[in-house]
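Secondary and tertiary structure notes
The residues making up each chain are set out below.
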Amino acid sequence: MKLSNLLKVFAATATVAFSINANAAAEPKDIRFVGETQFAGFCKAVIDDDVRVLRSSLSRNVGRIGASQREVLRMVTSEEGLTCNGSGLIKFSEERHADAVHEYLTSRS
């Protein structure tokens, strides 16, 4: 797939918001993902404050939305990138007090 087509596909899918139940506790059963659930791992990493899950999501999307983990990270944290509960990934990590994930995202973006 050409890079321009890949970027168009990513832009169309990444702007779909993931809805997360506002009353959700830390338990995964209280969380509901809608939209492009293939990207739900990024939001789950923030919810669980788990850098390992974030890195796994980055790795799984190499070749799909970027040529490297760094490029995937740049794409999902861009203004037009992935949103969780209506917020960009970095802002969402701040809102959820996901300090480990927030530090990872900001140190590499």
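Everything that follows concerns the structure shown earlier in this document.
Right, let's walk through the structure included here. Sequence positions are assigned chain by chain, starting from 1 and proceeding in written order. Restriction of local features to residues with pLDDT of at least 70 applies here, the model being predicted, together with a cutoff of 80 or more for giving and counting side-chain atom pairs; totals for whole chains, interfaces and linings are based on all residues. Think of the side-chain values as coming from all heavy atoms in the structure, minus any hydrogens and water.

1. So, helix α2 (residues 40–48)
- With seven of nine residues buried, α2 lies mostly within the body of the structure.
- Inspection of α2 places A40, G41, F42, C43, A45, V46 and I47 among the buried residues, and these make up the whole buried set.
- Runs of E in the DSSP output that reach at least two residues are strands. Runs of H or I that reach at least four are helices, and both are numbered from the N terminus. Note on α2: the residue one or two positions beyond its end, D49, has a positive phi of about 50 degrees. Burial classes follow relative accessibility: with a 1.4 Å probe on protein chains only, a residue under 20% of its type's maximum area counts as buried, one over 50% as exposed, and anything between as partly exposed.

2. Considering the pattern of salt bridges
- When a carboxyl oxygen of Asp or Glu is within 4 Å of a side-chain nitrogen of Lys or Arg, the pair counts as a salt bridge. Tallying each qualifying case throughout the model produces three salt bridges.
- The residue D50 makes a salt bridge to R52 at a minimum N-O spacing of 4.0 Å.
- Ionic pairing is found between E95 and K91, a salt bridge with its closest N-O pair at 4.0 Å. One end of the pair is E95 and the other is K91, both in helix α5 (residues 89–95) and four residues apart, which spans about a single turn.
- With a relative accessible area of 38%, E95 lands in the partly exposed category.
- For K91, a relative accessible area of 49% puts it in the partly exposed group.

3. Quick word on the nonpolar core
- Core analysis: the biggest nonpolar cluster contains 21 residues, and F42, L54, L58, V76 and L89 have the highest contact counts within it.
- Of all the secondary-structure elements, those providing two or more residues to this core are α2, α3 (51–60), α4 (69–77), α5 and α6 (99–108).
- Take this core: its biggest share by element is five residues, from α2.
- In contact with L58, not counting residues within four places along its chain, are F42, Q69, V72, L73 and Y104. To qualify as a nonpolar core, a set must consist of buried Ala, Val, Leu, Ile, Met, Phe, Trp, Tyr and Cys residues joined through side-chain atoms within 4.5 Å. Any two residues having at least one pair of non-hydrogen atoms within 4.5 Å are treated as being in contact.

Interpretation note: all reported values are geometric properties and have no functional meaning in isolation.
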